[in-house]
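Okay, here's what each chain looks like letter by letter:
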Amino acid sequence: MKSLHVMVVVVFFGTTAAMADTAALYQKCAACHGAQGEKSGLGKSKIIKDMPKADFIASMKGYQGGGYGGAMKNLMEAQVKGLSEADITALADHIIK
Ligand code: HEC
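The structure displayed is predicted, hence computed values, not measured ones.

(A) Representation of the overall build of the protein chain in the model. Tallying secondary structure elements over the protein chain gives four helices and zero strands in all. Written out in order from the N terminus, the α and β elements of the protein chain read α-α-α-α. Taken over 97 residues, the protein chain has a buried fraction of 10%. In the protein chain, the proportion of contacts linking residues at least 24 apart, taken out of those at least 6 apart, comes to 53%.

(B) The packing of helix α2 (residues 53-65) against helix α3 (residues 73-80), seen in detail. One can describe the packing of α2 onto α3 by two numbers: an axis separation of 8 Å at closest approach and a directional angle of 100°. Put simply, α2 runs roughly perpendicular to α3. Here α2 contributes Met60, Tyr63 and Gln64 to the contact with α3, which in turn contributes Lys73, Met76, Glu77 and Val80. When the residues that make up the contact of α2 with α3 are grouped by side-chain class, the tally is four nonpolar, one polar and two charged.

(C) Spotlight on the site of the ligand. The environment of the ligand is formed by 23 residues, the closest being Cys29, Cys32, Gly41, Gly69 and Gly70. For the shell around the ligand, the secondary structure elements donating two or more residues are α1 (2-33), α2 and α3. Per element, the largest residue contribution to the shell around the ligand is five residues, and it comes from α1. Looking at the shell around the ligand, its residues break down into twelve nonpolar, seven polar and four charged.

(D) Representation of the packing of α2 against helix α4 (residues 85-95) within the structure. As a packed pair, α2 and α4 sit with axes 10 Å apart at the nearest point and diverge in direction by 140°. For the crossing formed where α2 meets α4, the hand is right-handed. On the side of α2, the interface is formed by Lys53, Phe56, Ile57, Met60 and Lys61, while α4 contributes Ile88, Thr89 and Ala92. Its residues assigned to classes, the contact of α2 with α4 shows five nonpolar, one polar and two charged.

(E) Summary view of the nonpolar core. One finds Ile48, Phe56, Met60, Tyr63, Met76, Leu91 and Ile95 forming the largest nonpolar core, which totals seven residues. Looking at this core, the elements that each hand over two or more residues are α2 and α4. Of all the elements, α2 adds the most residues to this core, at three residues. Beyond its immediate sequence surroundings of up to four residues, Ile95 is in contact with Tyr26, Gly37, Ile48 and Lys49.

What counts, and at which threshold
Residues numbered from 1 in each chain as written. Predicted model: local features only at pLDDT ≥ 70, side-chain atom pairs only at ≥ 80, totals over all residues. Helix = DSSP H or I, 4+ residues; strand = E, 2+ residues; numbered from the N terminus. Buried ≥ 20, exposed ≤ 12 C-beta atoms within 10 Å, placed from the backbone. Contact = placed C-beta atoms within 7 Å. Axes fitted to C-alpha atoms, helices over the stretch in contact; angles between N-to-C directions. Parallel < 35°, antiparallel > 145°, perpendicular 65-115°, else oblique. Nonpolar A, V, L, I, M, F, W, Y, C, P; charged D, E, K, R; others polar. Near = placed C-beta within 6 Å. Left-handed = near helix turned anticlockwise from the far one by under 90°. Core = buried A, V, L, I, M, F, W, Y, C linked by C-beta atoms within 7 Å.

Rendered as structure tokens:
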């Protein structure tokens, strides 16, 4: 059984590693935006799963650059710090179907 387990891990490593990373990244967002992005963050944000992907990406980059947001933008600026462009795209694909 142990060798079977190792084989399965090797075969699926490529895709599951990327997916697990994104799911882990989204963990910290879920507290405010809901497990599926279905909640308004602290009652202030849009429902992020219903945003067009382009708007989601633009707002995330906007928070990084300091040029986007409402009354609670400081909070989101702290959340997006350190995310790469690839992280943001992966999050968009993870949240928005
Ligand atoms: C502590 C609660 C909290 C966490 C954690 C959090 N957010 Fe937010 N999010 C908010 C709030 C509040 C706003 C509205 C901020 C404002 O006034 O601009 C917001 C806004 C947004 C917006 C823009 C929506 C709009 O209304 O324009 C996006 C996209 C977003 N968050 C995605 C994320 C992602 C992705 C993560 C994880 C990396 C995350 N958030 C983590 C609370 C949170």
